[in-house]
Amino acid sequence: MSEERKFQNGWFPYEPSKPARLLSPIVLAYVGDAIYEVSVRQYLVSLPNLRPNHLHRSATGLVSAKAQSAILGFLEPSLTEEEKDVARQGRNAKSGSIPKNADVLEYRHATAFECLIGYLYYTGQQGRIQEIVNSGIQFMLKQP
């Protein structure tokens with residue numbers, strides 16, 4: 001891959017080694033996790049009363065496997081067939097580990113959500129990421 005080519009779809013000029021559709025769902029989830037985390041942090045910083053402890057607790061409530069699983073369940077009816085396919089591949093991917101704070105089903109659905117975000121990022125669908133993240137945050141804020 002030529003260093004002269006610039007990755008136009010992302011934040012940085014580092015193009016993935018393969019087209020997004022050929023990347024492993026776990027790799028897409030790896031990137032999607034980071035993109036979603038930054039999105040949530042940016043949302044939280046847009047709010048008044050920025051106290052570090054409050055920011056951390058609020059972020060954790062939105063980026064946990066439980067929250068991501070719930071967001072995916074909420075959004076699933078509004079996803080395109082392509083997005084559902086990407087999420088399904090992420091859900092079925094074998095990651096090799098399960099975090100101690102999530103059950104297996106929640107973790108798989110969270111991986112599916114992160115995979116979708118990573119796929120949208122690498123296919124240049126920033127507007128769709130914004131829609132999904134905003135809808136997910138609004139949904140979570142309405143939860144008791």
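It should be noted that the structure appears before, not after, this text.
The following paragraphs examine the structure supplied in this document. Since the model is a prediction, treat every value here as computed from it, not as a measurement.

**Re the nonpolar core**
In terms of nonpolar packing, the biggest core is built from 34 residues, with Y36, V40, L62, I71, F113, Y122 and I132 touching the most fellow members. Listing elements by their share of this core, those giving two or more residues are helix 1 (25-45), helix 2 (52-63), helix 3 (65-75), helix 4 (81-92), helix 5 (104-122) and helix 6 (126-141). Each residue touching I132, except ones within four places of it in the same chain, is listed here: L75, L79, F113, L116, I117 and L120.

**Observations regarding the packing of helix 4 against helix 5**
Look at helix 4 against helix 5: their axes get within 7 Å of each other, and the N-to-C directions meet at 130°. The pairing of helix 4 with helix 5 is recorded here as oblique in orientation. Considering the relative orientation of helix 4 and helix 5, their crossing is right-handed. Residues E82, E83, V86, A87, G90, R91 and N92 of helix 4 form the contact with helix 5, whose own contacting residues are R108, H109, T111, A112, C115, L116, Y119 and L120. Among the residues forming the contact of helix 4 with helix 5, the class breakdown is seven nonpolar, four polar and four charged.

**Observations concerning the pattern of salt bridges**
Applying the stated criterion across every chain yields a total of six salt bridges. Across the salt bridge formed by D85 and R21, the nearest N and O atoms sit 2.5 Å from each other. Residue D85 is located in helix 4, and its partner R21 is located in the segment before helix 1; the two are separated by 64 residues in the primary sequence. Assessed through its relative accessible area of 21%, D85 is described here as partly exposed. The shortest N-O distance in the salt bridge between D85 and R88 comes to 2.4 Å. With D85 and R88 both in helix 4 and three residues apart, the pair spans about one turn of that helix. Among the charged side chains, a network of salt bridges with common partners joins R21, D85 and R88.

About the cut-offs
Each chain carries its own residue numbering, running from 1 in the written order of its sequence. Per-residue local features are limited, in this predicted model, to residues with pLDDT of at least 70; the limit for side-chain atom pairs, both in listing and counting, is 80 or more; totals at the level of whole chains, interfaces and linings are taken over all residues. Side-chain measures were taken over the full set of non-hydrogen atoms in the model, leaving aside hydrogen atoms and water. We define the nonpolar core as a collection of buried residues of types Ala, Val, Leu, Ile, Met, Phe, Trp, Tyr and Cys that are connected through side-chain atoms lying within 4.5 Å of one another. Remark: exposure states derive from per-residue accessible area (1.4 Å probe, protein chains only) relative to the maximum for the residue type, with buried under 20%, exposed over 50%, and partly exposed in between. Helix and strand definitions follow DSSP, with helices as H or I runs of at least four residues and strands as E runs of at least two, each counted in order from the N terminus. Contact between two residues is taken to exist if any of their heavy atoms lie within 4.5 Å; hydrogens are not considered. Orientation is described by axes fitted as lines to C-alpha atoms, over the contacting stretch for helices, and by angles from 0 to 180 degrees between their N-to-C directions. Here the angle decides the label: under 35 degrees means roughly parallel, over 145 means roughly antiparallel, 65 to 115 means roughly perpendicular, and every other value means oblique. What makes a crossing left-handed is the near helix being turned counterclockwise from the far one by less than a right angle; a clockwise turn instead makes it right-handed. Ten residues, namely Ala, Val, Leu, Ile, Met, Phe, Trp, Tyr, Cys and Pro, are considered nonpolar, four, namely Asp, Glu, Lys and Arg, are considered charged, and the remaining ones, Gly among them, are considered polar. Put simply, a salt bridge is a Lys or Arg side-chain nitrogen that is within 4 Å of an Asp or Glu carboxyl oxygen.

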